[in-house]
Protein chains: 2
Amino acid sequence: MERIEQHACFGGSQEVWKHSSAVLGCEMRFAVYLPPQSRLEARPVLYWLGGLTSSEQNFITKSGAQRYAAEHGLILVAADSSPRGAGVADDPAYDLGQGAGFYLNATEEPWAAHYRMFDYVTAELPALVESHFPATDARSIAGHSMGGHGALIATLKRPGFYTSTSAFAPIVAPSQVPWGQKAFTAYLGTDAKNWAAWDACALLASAADKVRLFVDQGEADEFLETQLKPHLLHEAAKAGGHDLMLRTHPHYDHSYYFITSFIAEHIAYHAAALSSER
Amino acid sequence: MERIEQHACFGGSQEVWKHSSAVLGCEMRFAVYLPPQSRLEARPVLYWLGGLTSSEQNFITKSGAQRYAAEHGLILVAADSSPRGAGVADDPAYDLGQGAGFYLNATEEPWAAHYRMFDYVTAELPALVESHFPATDARSIAGHSMGGHGALIATLKRPGFYTSTSAFAPIVAPSQVPWGQKAFTAYLGTDAKNWAAWDACALLASAADKVRLFVDQGEADEFLETQLKPHLLHEAAKAGGHDLMLRTHPHYDHSYYFITSFIAEHIAYHAAALSSER
């Protein structure tokens, strides 16, 4: 573990660390925001998963989340969106390979060797964070677009591990949209039977435990009809008896201008859930 | 004038426009944030000048200012930091040429043809903004680093034009520091007599009108001792009887993590000044 950035921010510390990931077999970076309260006591953690093409930088430079994390005493951890490096399989397209790991464990070559982002973000990274920073083992998770998909499947595949879950403009049914079909074919193979274990809508239909989800979606999102299809999440949650708060916002698009406009409410939502659990 | 970006943000609209600048002789971009209040009535404008290497994008993606502009009903305009384009003189260094216009009017070749950023940001751009957007003619100005220098000289050279002025980590005495000496030599020539008209500390010493300035400076700023030297501004303001509020903040560096941590107070400061003038 080596700290490669450190900046004072809203009374706390915005940092970027690099480390050698045993799960991914490559060097990875992640960002951590330590609120001022963490100098005195261990604090709960909100994990952020980014969208296609993002690194650990997008959320920390563009979301404005640190102000609210400082208010509520939440640690923020922003992960990268795939394994990285010269020895890691890649593809020239923006929606496959590096920058597009889809937060799953790949089974197909050439991806299977490194693309195990699910195990990384739901096990190796939390263990690292909880052992190296003043963090409790209370965790929540949120994400954007492909990272919203990641937050949803992490919640559904790791019951009880996260206290609360939210997403901005998530991919909710990757098996049914072009981004997901392309990635799942490459990472999981052509047999769509193997896709359901990584598809939030499919997982919701078969989930034994009821989950609670908070989703914000912009109505002017350029990917709304083709890639996101939030009505499928609404239908799956309703059919399975899950508690989905899905808000749609006129005029907002898919960008960080949407995220920054509503991140305060997401941070407050997670902080309330995490504090009621203590 | 052509709008090339538009994003809903905190109930208002974050836009980027391009236009042909008569003053600069090239195509320019600027960003404008229109708060929700501007749909009903004309609102005052805060101009933002960025630091070395910045375009109109840095402030709008990283500062988080839109939230506070929406609260106070301020229009935000972020300018580019130099003339741009293939026909505009440039230099490979980050601190000269495109991205480093220093908000002055150059007299030396090859710069004099296009590098007239002072006239652009203090005349052409305000006229454009006030004729194309729901803006009043009440204006304030702020900036960062080289843009802080720009905000200070704009205030001192255009008495009465701006209602209030603030800066983050400004270059205050370009004639006395390496960044400024290099740029002034190139743009204004080797005769340092011609530099005083573009140097905030020199202008403060000779200003007929008393000015009021609000400056925030990080104590861990990597450029503090070599390029910024805020004590020179303190001494010049004191000698001239000007009203300088200079705050220093332990641990904060030169980055946007510093700006975003204190931008709320700058927006509130300008909003109060602009509303008391109405």
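See the structure printed just above.
In short, a report on the structure. Remember, it's a predicted structure, so these values are computed and weren't measured experimentally.

Criteria and thresholds
- The residue numbers shown here count from 1 along each chain, following its written sequence.
- To read the labels, note that chains go from A and ligands from 1, taken in the order they are written.
- Where totals are concerned, whole chains, interfaces and linings use all residues; where local detail is concerned, this predicted model gives features only for residues with pLDDT of at least 70, and gives and counts side-chain atom pairs only at 80 or more.
- Only hydrogens and water are removed before side-chain values are computed, so all heavy atoms of the structure are retained for them.
- Each helix is a run of H or I in the DSSP string that is no shorter than four residues. Each strand is a run of E no shorter than two, and both are numbered from the N terminus.
- Relative accessibility under 20% of the residue-type maximum defines a buried residue, over 50% an exposed one, and the middle range a partly exposed one, all with a 1.4 Å probe and only protein chains included.
- For Phe, Tyr and Trp, rings pair up if their centres lie within 6.5 Å, where Trp contributes its six-membered ring, and each pair is then called stacked (planes under 30 degrees apart), edge-to-face (over 60) or tilted (otherwise).
- Here, over-ring charges are defined by two tests on the NZ atom of lysine or the CZ atom of arginine: distance to the ring centre within 6 Å, and angle to the ring normal within 35 degrees.
- What sets the superposition is a least-squares fit of C-alpha atoms, and only residues with pLDDT of at least 70 in both copies go into it.
- Residue contacts are counted whenever heavy atoms from the two residues lie within 4.5 Å of one another.
- As used here, buried area is the combined drop in accessible area, with a 1.4 Å probe, of two parts when they are placed together.
- Any Lys or Arg side-chain nitrogen located within 4 Å of an Asp or Glu carboxyl oxygen qualifies as a salt bridge.
- Polar contacts here mean pairs of N or O atoms no more than 3.5 Å apart (in protein, one a potential hydrogen donor and the other a potential acceptor; neighbouring residues in sequence count only if both atoms are side-chain atoms).
- Residue polarity follows a fixed list, in which Ala, Val, Leu, Ile, Met, Phe, Trp, Tyr, Cys and Pro are nonpolar, Asp, Glu, Lys and Arg are charged, and the others, Gly among them, are polar.
- Using a 1 Å grid laid over the protein atoms alone, points where a 1.4 Å probe fits but cannot get out form a cavity; open sets with protein on both sides within 12 Å along at least 5 of 7 lines form a pocket; any residue with an atom within 4 Å of a point counts as lining.
- Grid points are joined across faces, edges and corners, and a volume is the space filled by probe spheres set on the points.

### Digging into unusual backbone geometry
Phase 1 of the analysis: Looking along the chain, the bond that leaves E109 of chain A and enters P110 of chain A is cis, with omega of 5°.
Phase 2 of the analysis: Following the sequence through the fold, P110 of chain A ends up in the loop between β5 (75-79) and α3 (117-132).
Phase 3 of the analysis: Phi angles above zero are rare outside glycine, and H251 of chain A is one such case at about 80°.
Phase 4 of the analysis: Phi angles above zero are rare outside glycine, and F10 of chain B is one such case at about 50°.
Phase 5 of the analysis: Overall, the relative accessible area of 18% leaves F10 of chain B in the buried class.

### Focus on the packing of aromatic side chains
Residue and element names in this part refer to chain A.
Phase 1 of the analysis: For the structure shown, the criterion picks out 34 aromatic pairs over all chains.
Phase 2 of the analysis: With 6.0 Å between their ring centres and 55° between their planes, W48 and F168 make a pair best called tilted. Taken as a pair, W48 in strand β4 (residues 43-49) and F168 in strand β7 (residues 165-168) lie far apart in primary sequence, 120 residues in all. Of the two residues, W48 and F168, both sit in the buried class.
Phase 3 of the analysis: With 5.5 Å between their ring centres and 25° between their planes, Y115 and Y187 make a pair best called stacked. Of this pair, Y115 sits in the loop between β5 and α3 while Y187 is found in helix α5 (residues 178-188), placing the two residues 72 residues apart along the sequence.
Phase 4 of the analysis: Residue Y115 is classed as buried on the basis of its relative accessible area of 1%.
Phase 5 of the analysis: Note on Y187: relative accessible area 0%, which makes it buried.
Phase 6 of the analysis: Clustering of aromatic rings is evident, with ring pairs tying together W48, F59, F168, Y252, F258 and F262.
Phase 7 of the analysis: The ring of F161 carries the charged tip of R158 above its face, separated from the ring centre by 4.1 Å.

### Description of the relation of the copies chain A and chain B
Phase 1 of the analysis: The transform that puts chain A on chain B rotates by 180° and translates by 0.0 Å along the axis, for an RMSD of 0.0 Å. Seen this way, the second copy is the image of the first under a two-fold rotation axis. Distance from the rotation axis, computed per C-alpha, reaches its smallest value in chain A at K62 of chain A: 2.6 Å.
Phase 2 of the analysis: The share of interface residues of chain A whose copies in chain B are also at the interface is 100%, consistent with both copies meeting through the same surface.

### Overview of the interface of chain A and chain B
Phase 1 of the analysis: Taken together, the 22 residues of chain A in the interface contact 22 residues of chain B.
Phase 2 of the analysis: Between chain A and chain B, roughly 1,800 Å² of surface is buried when both sides are summed, and carbon and sulfur atoms account for 53% of that area.
Phase 3 of the analysis: When the area that chain A buries against chain B is broken down by residue, the three leading residues are A8, F10 and Y257 of chain A, summing to 37%.
Phase 4 of the analysis: Scanning the region where chain A abuts chain B turns up 0 salt bridges.
Phase 5 of the analysis: Across the contact surface, chain A and chain B share 10 residue pairs in polar contact (both at pLDDT 80 or more).
Phase 6 of the analysis: Among the secondary structure elements, those contributing two or more residues to the side of chain A that touches chain B are β1 (2-9), α1 (57-62), α2 (65-72) and α9 (256-277) of chain A.
Phase 7 of the analysis: When the residues that make up the side of chain A that touches chain B are grouped by side-chain class, the tally is 8 nonpolar, 11 polar and 3 charged.

### Remarks on empty space enclosed by the protein
Phase 1 of the analysis: Within the structure shown, the criterion is met by 2 cavities of 30 Å³ or more.
Phase 2 of the analysis: As for the largest cavity, its lining consists of F10, S63, G64, R67, Y68 and T260 of chain A together with F10, S63, G64, R67, Y68 and T260 of chain B.
Phase 3 of the analysis: Contributions of two or more residues to the lining of the largest cavity are made by α2 of chain A together with α2 (65-72) of chain B.
Phase 4 of the analysis: When its volume is computed, the second largest cavity comes out at roughly 40 Å³.
Phase 5 of the analysis: In this structure, the second largest cavity is lined by Q14, Y33, F59, I60, S63, A65, Q66, L76, V77 and A78 of chain B.
Phase 6 of the analysis: Secondary-structure elements contributing two or more residues to the lining of the second largest cavity are α1 (57-62), α2 and β5 (75-79) of chain B.
Phase 7 of the analysis: It is β5 of chain B that provides the largest number of residues to the lining of the second largest cavity, a total of 3 residues.
Phase 8 of the analysis: Of the residues contributing to the lining of the second largest cavity, the split by class is 7 nonpolar, 3 polar and no charged.

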